[in-house]
Amino acid sequence: MVCSVVYCGLLPLYNTEQKKVMGVKLDQIDIAMLNLLQQDASLGVKEIAARVGLSQSPTFERLKKLKQEGYIKKIVALVDNKKLDKNLVAICMITLKEQGIETKQNFEAQTAQMPEVMEVLCVSGGWDYILKVATKDMPSFHHFISNRLAPIQHIANINSNFILNEVKYDTAFLIEP
């Protein structure tokens, strides 16, 4: 089925042919809804429906389906770290002494529970993990490293880089039609 839909000038003209993403078929309306929500998750069903050219009921059902299928993990507010006095943000590269499953699971479980840790990424290359850490200032960061992170068993090396200026910050994934 192919039909054209105009998205109120916000998005280009698309057809509703389905695109297979992760084994599930998304049509252009699903993709448009995901793109809209990635830019502003506070949009209500009424506003989304108007922008994608559907009535509220099918828009609500599509949103429900996108949540059930895991396309929408959660809806959050992105807050300004500086307004919360989290002025120092560091990227910490971690190497573990050993690579056993239990060692990695222990490290992941412990770091995932630390409120200063914003992200825990298991990576390939010269490091085993990358952490994004936010603290008030350098003394707070030093305390975090010395008293919270370094005591975790099997850490071989911690290398920290501090963010001087955030040039681009985006949480939206490009979803192409």
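Conventions we followed
- Along each chain, residue indices are assigned from 1 in the same order as the chain's sequence is written.
- Reporting of local features is limited, given that this is a predicted model, to residues whose pLDDT is at least 70; pairs of side-chain atoms are given and counted only at 80 or more, and all residues count toward the totals for whole chains, interfaces and linings.
- Based on all heavy atoms of the structure, the side-chain values leave hydrogens and waters out of the count.
- In this description, strands pair whenever DSSP reports at least two bridges between them.
- The helix count covers DSSP runs of H or I at least four residues long, the strand count covers runs of E at least two residues long, and both are numbered beginning at the N terminus.
- The angle between two axes is taken between their N-to-C directions and runs from 0 to 180 degrees, where each axis is a line fitted to C-alpha atoms and a helix contributes only its stretch in contact.
- Per-residue accessibility, obtained with a 1.4 Å probe over protein chains only, is compared with the maximum for each type, and a residue is labelled buried under 20%, exposed over 50%, and partly exposed between these values.
- As used throughout, the charge tally considers Lys and Arg to be positive and Asp and Glu to be negative, leaving His and the chain termini uncounted.
- Any carboxyl oxygen of Asp or Glu within 4 Å of a side-chain nitrogen of Lys or Arg constitutes a salt bridge here.
- Nitrogen and oxygen atoms within 3.5 Å of one another constitute a polar contact, given that in protein one can donate a hydrogen and the other can accept it, and given that sequence-neighbouring residues count only through two side-chain atoms.
- By definition, residues are in contact when any of their heavy atoms lie within 4.5 Å.
- Every helix has an expected span of 1.5 Å times one less than the residues it contains.
- Directions are taken from the helix axis to each C-beta atom, and the arc is the one they span.

Draft legend 1. Structural context of the sheet that holds strand E7 (residues 129-135). The strand order across the open sheet built from four strands is E6-E7-E5-E8, with neighbouring strands paired in antiparallel fashion. Taken across any chain shown, the strands that pair with only one partner, and hence form the sheet edges, are strand E6 (117-122) and strand E8 (155-162). Neighbour to neighbour, the strand axes of the sheet diverge by 20 degrees on average, direction disregarded. Where E6 meets E7, five bridges bridge the pair, whose relative direction is antiparallel. Its bridge partner being in E7, Cys122 is matched across the sheet by Tyr129.

Draft legend 2. How the structure looks around unusual backbone geometry. Phi angles above zero are rare outside glycine, and Asp85 is one such case at about 60 degrees. By relative accessible area, which is 35% here, Asp85 ends up partly exposed. The phi dihedral of His154 falls on the positive side, at around 75 degrees, and the residue is not glycine. Turning to its location among the elements, His154 is positioned in the loop between helix H5 (138-149) and E8.

Draft legend 3. Up close: the side chain of Asp128. Residue position: Asp128 is located in the loop between E6 and E7. One buried charged side chain, Asp128, makes no salt bridge at all; its nearest oppositely charged neighbour is Lys104, positioned 6.3 Å away. Separated by 2.6 Å, the side chain of Asp128 and the backbone nitrogen of Leu96 make a polar contact. Excluding residues within four positions of it along the chain, Asp128 makes contact with Ile94, Thr95, Leu96, Gln99, Leu121, Cys122 and Val123.

Draft legend 4. Looking closely at the environment of Asp80. Inspection of the secondary structure assignment puts Asp80 in the loop between helix H3 (56-68) and strand E5 (88-96). Here Lys82 takes part through its backbone nitrogen, which lies 2.9 Å from a polar atom of the side chain of Asp80.

Draft legend 5. Main features of H3. Here H3 contains 13 residues, and its C-alpha end-to-end distance of 18 Å stays within 8% of the 18 Å for a straight helix at 1.5 Å per residue. Buried residues of H3: Thr59, Arg62, Leu63 and Leu66, and no others. One face of H3 carries all of its buried residues, which in axial projection span an arc of 100 degrees. Along H3, exposed side chains directed more than 90 degrees from the buried face belong to Ser57 and Gln68.

Draft legend 6. Looking closely at the pattern of salt bridges. Under the defined criterion, the tally for this structure stands at seven salt bridges. Linking Arg51 and Glu47 is a salt bridge whose minimum nitrogen-to-oxygen distance equals 2.6 Å. With Arg51 and Glu47 both in helix H2 (residues 45-52) and four residues apart, the pair spans about one turn of that helix. Owing to a relative accessible area of 34%, Glu47 belongs among the partly exposed residues under this scheme. Salt bridges linked by common partners bring Asp27, Asp30, Arg62 and Lys65 together as one network.

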